[in-house]
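Structural features, examined
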Amino acid sequence: VLGENTMPFLGEDTCLTQKDRASADIDRKVEDLAANWRPTGYYTVNEMIKIRDRTFMLMRTASDGIDKALAAGAPPDIRTVLHDVQRRLQAKMSKSLEYTNIINTALQTGTQVIDSPSFKNWVITSLNAASVATGAVAYMACIKPSIVSSLQAIYAASTALIDASI
């Protein structure tokens, strides 16, 4: 017997489709950046700050969505998956400190242009990690519908950040 706040599992295909839909905007951005973003490896300080901040905020939003899904009562097997996805996401977030230090050094020394050939890769792989996290929350929301509010919050924030573009 289903409780008043319980909905039946919608099916694997439906949940996979919802996962793909939730991360589609981020995935399109990742594909576009991978195919068309051809930075020289040199960035102005302001460009690097803007790109780092938007990338980090998208990852923070994805991480917050996972936190909400976990708090809403993810079953143990899903909790394990969500914790793993979040660990990978947090590793990318920690990597942003490297770029923050580079930016701070440039600001302190009056440097206008930063040579950072690895920055593009960090941005793309970080957005990909945010996509995986967004998809994981969407899948969780499908198999446990009480998580839907977490998905809605992460989707709205993700869309706004992607629309702002890098």
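Refer to the structure above for everything that follows.
Let me begin by describing the structure that accompanies this report. (Residues numbered from 1 in each chain as written. Predicted model: local features only at pLDDT ≥ 70, side-chain atom pairs only at ≥ 80, totals over all residues. Heavy atoms only, no water.)

**Side note on the overall build of the chain**
Counting secondary structure elements, the chain contains five helices and two strands. Going residue by residue from the N terminus, the α and β elements of the chain occur as α-β-α-α-β-α-α. Expressed as a percentage of its 166 residues, the buried residues of the chain come to 40%. Taking the contacts inside the chain whose residues are at least 6 apart along the sequence as the reference set, 82% of them involve residues at least 24 apart. About 8,800 Å² of surface is accessible on the chain, with carbon and sulfur atoms providing 55% of the total. (Helix = DSSP H or I, 4+ residues; strand = E, 2+ residues; numbered from the N terminus. Buried < 20%, exposed > 50% of the residue type's maximum accessible area, 1.4 Å probe, protein only. Contact = heavy atoms within 4.5 Å. Areas by Shrake-Rupley, 256 points an atom, 1.4 Å probe, with all protein chains shown as cover.)

**Brief notes about the pattern of salt bridges**
What the rule picks out here adds up to eight salt bridges. A salt bridge links Asp-67 to Arg-60, with the nearest nitrogen and oxygen atoms 3.8 Å apart. Taking the relative accessible area as the measure of exposure, Arg-60 reaches 28% and is therefore partly exposed. Through salt bridges that share partners, Arg-60, Asp-64 and Asp-67 make up one connected network. (Salt bridge = Lys/Arg side-chain N within 4 Å of Asp/Glu carboxyl O.)

**Notes on the packing of helix H2 (residues 45-71) against helix H4 (residues 119-143)**
Closest axis-to-axis distance for the H2/H4 pair is 9 Å, and the angle between their directions is 20°. Taken together, H2 and H4 sit at an angle that is classed as roughly parallel. Of the two possible hands of crossing, H2 and H4 adopt the one that is left-handed. Two secondary-structure elements touch here, H2 through Met-48, Ile-51, Arg-52, Thr-55, Leu-58, Met-59, Ala-62, Gly-65, Ile-66 and Ala-69 and H4 through Phe-119, Trp-122, Val-123, Ser-126, Leu-127, Ala-130, Ala-133, Thr-134, Val-137 and Met-140. When its residues are assigned to classes, the contact of H2 with H4 shows 15 nonpolar, four polar and one charged. (Axes fitted to C-alpha atoms, helices over the stretch in contact; angles between N-to-C directions. Parallel < 35°, antiparallel > 145°, perpendicular 65-115°, else oblique. Left-handed = near helix turned anticlockwise from the far one by under 90°. Nonpolar A, V, L, I, M, F, W, Y, C, P; charged D, E, K, R; others polar.)

**Quick look at the layout of surface pockets**
Taking a probe equal in size to a water molecule and rolling it over the atoms shows the remaining empty space. Estimates place the volume of the largest pocket at around 190 Å³. Every residue lining the largest pocket is counted, 13 residues in all, and those nearest its centre are Lys-19, Val-132, Gly-135, Ala-136 and Tyr-139. Where the lining of the largest pocket is concerned, the elements lending two or more residues are helix H1 (12-36), helix H3 (76-109) and H4. When its residues are assigned to classes, the lining of the largest pocket shows eight nonpolar, three polar and two charged. (1 Å grid on protein atoms, 1.4 Å probe; cavity = no way out; pocket = protein on both sides within 12 Å on 5 of 7 lines; lining within 4 Å. Points joined across faces, edges and corners; volume = space filled by probe spheres on them.)

**A closer look at the state of the cysteines**
Taken as a whole and judged by the stated rule, the model has one disulfide. The disulfide partner of Cys-15 is Cys-142, and the S-S distance across this bridge is 1.9 Å. Between Cys-15 and Cys-142 the sulfur-sulfur dihedral comes to about -75°; the bridge is accordingly left-handed. Pair noted here: Cys-15 is in helix H1 and Cys-142 is in helix H4, with a separation of 127 residues, a long-range link. We classify Cys-142 as buried; its relative accessible area is 1%. (Disulfide = S-S within 2.5 Å.)

**Remarks on the packing of aromatic side chains**
What the rule picks out here adds up to five aromatic pairs. Taking the centre distance of 5.3 Å and the plane angle of 40° together, the rings of Tyr-99 and Trp-122 count as tilted. Taken together, the residues Tyr-99 in helix H3 and Trp-122 in helix H4 connect sequence positions 23 residues apart. Trp-122 carries the same exposure label as Tyr-99, and that label is buried. One aromatic cluster in this structure is built from Trp-37, Tyr-43, Tyr-99, Phe-119 and Trp-122. (Phe/Tyr/Trp six-rings, centres within 6.5 Å; stacked < 30°, edge-to-face > 60°.)

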